[in-house]
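Below are the chains, spelled out letter by letter.
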Amino acid sequence: MNSRKTALSFAAAGTAAGVVGLVVLATPAGAGEAPPALPPVSAEALVESVLNTDAIPALTGSVAVENNLGLPIPGMPASSGEGDSIQVWSDGTGKGRLALAGGRSETTIVDDGATVWVWDSAERSVTKVPHQGGVADKPVEGKFADPAAAAKELVTAMQQDSTVSVDGTARVAERPVYQLVLAPKPTEKTLLREIRVSVDSELRIPLQLEVLANGQSDPAVKVGFTEFSSGAQDPKLFQFTPPAGTTVSEKDVPEEMHGEAVDDWLSQADLKTVGRGWDIVATGKVPAEALTAAEGMSERGGQDMFALLGTFGKEVHGDFGTGYVISASVGTAVITEDGKVAVGAVPEQVVLDAVKTVR
Amino acid sequence: MTVAVDAPIVTEQRTKAPVGRLLRSELRFMIRRPRTLVALGVLAVAPVIAAIAMSVATTTAQNGNGGPAVESVASLVSGNGLILPVFLLLLSLAMLLPMLGAMWSADALAGESQTGALRGLLLAPVGRLRLLAVKAFGVAVLSLLAVVIVAVVSIVAGLAILGGDGMLTMSGNVLPFGESLGRIALLAALVTVQVWAVAAVALAISAATDHPLVVLASTLGGIIVFTILGNIPALDWLHPVLLTDAWESLGDVIRDPMPTDGMVNSVLRAVCYLVIGYSLALARISTKDG
């Protein structure tokens, strides 16, 4: 029958259209797109233009964090957490807003220029942190006062141990970018292959940072915009009024950070660095109290901590006593039973050499 | 010559009843089924029970007796009645609403096929496309009705039992009453489209079988399988194709500013499933023997 044929061909066309639609939806945008043609730029000029951009312009975007370290990092979502996304807004005058969306909760951080408000939907609480005038930031800004000189200095410093180059162009968040690549010189012992910074060709702000380790095709860490648009933002976004029925607590984070407790801890930790360039290893000591506190709770508590380290890492013996080595794709850490610690983006042997220098 | 022209016109007049009357009679027929009435009644009672339970749970949580899970949900719901429709719509989208959509789809073709009523319709000089369209319309209207019942009852229950005159969003600001209702209406529309997509696929299965239970079991089984696949990180290349995977993004209506990307994607995905479902149903019903 003719009408049956028509109906069947309609049905076939409809099914095909639906399947094609699903495939199109599943295909990431911009895949297979040719890299944009941009005027060539030298690494120095690129770094200079980035430093020249004094403030973050008015923008909004989504930021994605991918972590293939093989180790969970506190506060950093693993790459499987696709439900989590970070949305950022900036008005270009220093005010900003950050929304960390979880599956069923959200943390919103609003900086209205005078106060930083932290809203936690799961707790329904607001934390208020007044600004401290940015005293700590001043020296850094002074150092970069002359972007041209600073860029030259920076690139020269980097060139001692690395090759700095502009490796073509690409697209990040559908914007054309230059890719600034920092690769260690062959003499370096680091586990890292390269660090890749994608700089927006027009606004000259970094849009993406990738850290690539040896023997890994995917970046070990990738932080970057997945969506980006510049332009004036709604000023209402940068205001926050604690809603009725919420608990508001005030915190003085900067003072706490520079408080005596932290200073004491830092001096006790005896932080030092060994090596230079890519092979730099940070060494220190976990304060005796931290270990005794862990052991003091119960005899088993202290043992359990090392048992836990044992499951994460590998037990090693040497001049420094007994320790545990924890390896990730981008670095190695060692902690000994008497509290010596060494961390660096280097192979195990270099870290073990470094921990021997700790007294 | 006039006779030859007249004859087809006469048959055409006989086959085409007024569309409005057809649709109305189909709807009346579906709504009068006891199971439909029971299902809609349950949908109307559930929000009230949920509102009372939430208000009790919030009081317990404030006394420090609730678990962390209760606190995280209850902390937003307490004194914030307009968030209740959002929670309930998302909750019922996970299982209850797709099940009802599948049930009505199952009744529409497989159920009638089982009782023999469909045989009569297939033999009658009625276009198969027309038959399918009327059935699909009935299912779609009932699905919409179910979503509207959940939304309206939970708005009233939320305002009456939990209180509040605006919506405290997940982002920590309070939306005025009108805008809150707009957000709920938007979510209701988005949920309806998703239920339509499930019901369309169920209608395709319904056209292929004589047993309504097969339709219900395979649709719900499909949703469960999709949900499981969506929770396996190693299959993340498959996730953008799964219908259920887009449902989580519907919760974005209670964020401010509202991210729309996930919602647009969920609607497009649902439309694809809708087109596939109706196409397969059309293919099956037009080849079905009387």
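The rules behind each value
- Residues numbered from 1 in each chain as written.
- Chains lettered and ligands numbered in written order.
- Predicted model: local features only at pLDDT ≥ 70, side-chain atom pairs only at ≥ 80, totals over all residues.
- Heavy atoms only, no water.
- UniProt positions renumbered as here; feature names shortened; annotations may be inferred.
- Helix = DSSP H or I, 4+ residues; strand = E, 2+ residues; numbered from the N terminus.
- Contact = heavy atoms within 4.5 Å.
- Buried area = accessible area lost by both parts, 1.4 Å probe.
- Salt bridge = Lys/Arg side-chain N within 4 Å of Asp/Glu carboxyl O.
- Polar contact = N/O pair within 3.5 Å; in protein donor to acceptor, adjacent residues only side chain to side chain.
- Nonpolar A, V, L, I, M, F, W, Y, C, P; charged D, E, K, R; others polar.
- Buried < 20%, exposed > 50% of the residue type's maximum accessible area, 1.4 Å probe, protein only.
- Pairing = 2+ DSSP bridges.
- Phe/Tyr/Trp six-rings, centres within 6.5 Å; stacked < 30°, edge-to-face > 60°.
- Lys NZ or Arg CZ within 6 Å of the ring centre and 35° of its normal.
- Patch = residues over 30% accessible without salt bridge, like charges linked within 9 Å, V, L, I, M, F, W, Y side chains within 5 Å.
- Areas by Shrake-Rupley, 256 points an atom, 1.4 Å probe, with all protein chains shown as cover.
- Axes fitted to C-alpha atoms, helices over the stretch in contact; angles between N-to-C directions.
- Parallel < 35°, antiparallel > 145°, perpendicular 65-115°, else oblique.

**A few points about the UniProt feature "transmembrane region" (unreviewed entry) in chain B**
- According to UniProt, the "transmembrane region" (unreviewed entry) feature falls on residues 37–57, 77–97, 137–164, 184–206, 213–232 and 267–285 of chain B.
- Helix makes up 67% of residues 77–97 of chain B and strand 0%, and the two end C-alpha atoms of the span are 22 Å apart.

**A few points about the interface of chain A and chain B**
- Contacts between the two partners involve 35 residues from chain A and, on the opposite side, 38 residues from chain B.
- Counting each side, the surface lost to burial between chain A and chain B is near 2800 Å², with a carbon and sulfur contribution of 61%.
- Three residues stand out in chain A for area buried against chain B, namely Leu-22, Leu-25 and Arg-124 of chain A, and they jointly supply 22% of the buried area on that side.
- Scanning the region where chain A abuts chain B turns up one salt bridge.
- Salt-bridge contacts for Arg-255 of chain B lead to Glu-106 of chain A; the nearest nitrogen and oxygen are separated by 2.7 Å.
- In this assembly, chain A and chain B are joined by six residue pairs in polar contact (both at pLDDT 80 or more).
- Those elements giving two or more residues to the side of chain A that touches chain B turn out to be α1 (2–26), β3 (96–101) and β4 (106–111) of chain A.
- Of all the elements, α1 of chain A adds the most residues to the side of chain A that touches chain B, at 13 residues.
- Considering only residue class, the side of chain A that touches chain B consists of 15 nonpolar, 12 polar and eight charged.

**Observations regarding the pairing of strand β10 (residues 206–213) of chain A**
Residue and element names in this part refer to chain A.
- Within β10, six of the eight residues are buried, which leaves it mostly tucked inside the rest of the structure.
- Bridge analysis of strand β9 (residues 192–200) against β10 gives seven bridges, and the strand direction is antiparallel. Bridge assignment links Ile-195 to a residue of β10, and that residue is Val-211.
- Looking at chain direction, β10 and strand β11 (residues 221–230) are connected through four bridges and run antiparallel. Counted as the bridge partner of Glu-210 is Lys-222 from β11.

**Describing the pairing of strand β16 (residues 321–328) of chain A**
Residues and elements named next belong to chain A.
- With five bridges joining them, strand β15 (residues 314–318) and β16 adopt antiparallel strand pairing. When the sheet's bridge partners are listed, Glu-315 is paired in β16 with Tyr-324.
- Remark: two residues form the turn of the hairpin made by β15 and β16, two consecutive strands paired antiparallel.
- The sheet contact formed by β16 and strand β17 (residues 331–336) spans six bridges and is antiparallel. Residue Tyr-324 lies in a different strand from β17, and its bridge partner there is Ile-335.
- In this antiparallel pair of consecutive strands, β16 and β17, the connection spans two residues.

**Describing the packing of aromatic side chains**
All names here are of chain A.
- Considering all chains together, one arrives at three aromatic pairs over all chains under this definition.
- Aromatic side chains Trp-117 and Phe-240 sit 5.9 Å apart centroid to centroid with 40° between the ring planes, which places their arrangement in the tilted category. Note that Trp-117 is positioned in strand β5 (residues 115–120) and Phe-240 in the loop between β11 and β12 (247–250), a separation of 123 residues in sequence. Phe-240 carries the same exposure label as Trp-117, and that label is buried.
- Where Phe-225 meets Phe-228, the ring centres are 4.9 Å apart and the plane angle is 80°; that geometry is what we call edge-to-face. In terms of burial, Phe-225 and Phe-228 fall into one category: buried.
- Directly above the ring of Trp-89 sits Arg-97, whose terminal nitrogen or CZ lies 5.6 Å from the centroid.

**What to know about a nonpolar patch on the surface**
Residues and elements named next belong to chain B.
- Together, Val-48, Ile-52, Val-56 and Ile-161 line one region of the surface with nonpolar side chains, adding up to about 300 Å² of accessible area.
- Element by element, the count of residues in the nonpolar patch is highest for helix α3 (residues 34–62), at three residues.
- Tracing the chain through its elements places Ile-161 in helix α8 (residues 128–162).
- With a relative accessible area of 34%, Ile-161 lands in the partly exposed category.

**Some thoughts on the side chain of Ser-286 of chain B**
All names here are of chain B.
- Along the chain, Ser-286 turns up in helix α11 (residues 261–287).
- A relative accessible area of 4% places Ser-286 in the buried class.
- Reaching out from Ser-286, the side chain makes a polar contact with the backbone oxygen of Leu-282 at a distance of 2.6 Å.
- Polar side-chain contacts of Ser-286 include one of 3.3 Å to the backbone oxygen of Ala-283.

**Comments concerning the packing of helix α5 (residues 84–94) of chain B against helix α6 (residues 96–115) of chain B**
Residue and element names in this part refer to chain B.
- Taken N-terminus to C-terminus, the directions of α5 and α6 make an angle of 50°; their axes are 3 Å apart at the nearest point. Classified by the angle between their axes, α5 and α6 sit oblique to one another. Residues Ser-92, Leu-93 and Ala-94 of α5 form the contact with α6, whose own contacting residues are Leu-96, Leu-97 and Pro-98.

**Observations concerning the sheet that holds β15 of chain A**
Residue and element names in this part refer to chain A.
- Spatial ordering of the open sheet is given by β13-β14-β18-β17-β16-β15, a layout of six strands whose pairing is antiparallel. In this open sheet, the two strands that pair with only one neighbour each are β13 (272–274) and β15. On average, each strand axis in the sheet is tilted by 25° relative to the strand beside it, whichever way the strands run.
- Seen against the sheet, helix α9 (residues 348–356) touches β13, β14 (281–285), β15, β16, β17 and β18 (340–344) and runs at an angle of roughly 35° to β17.

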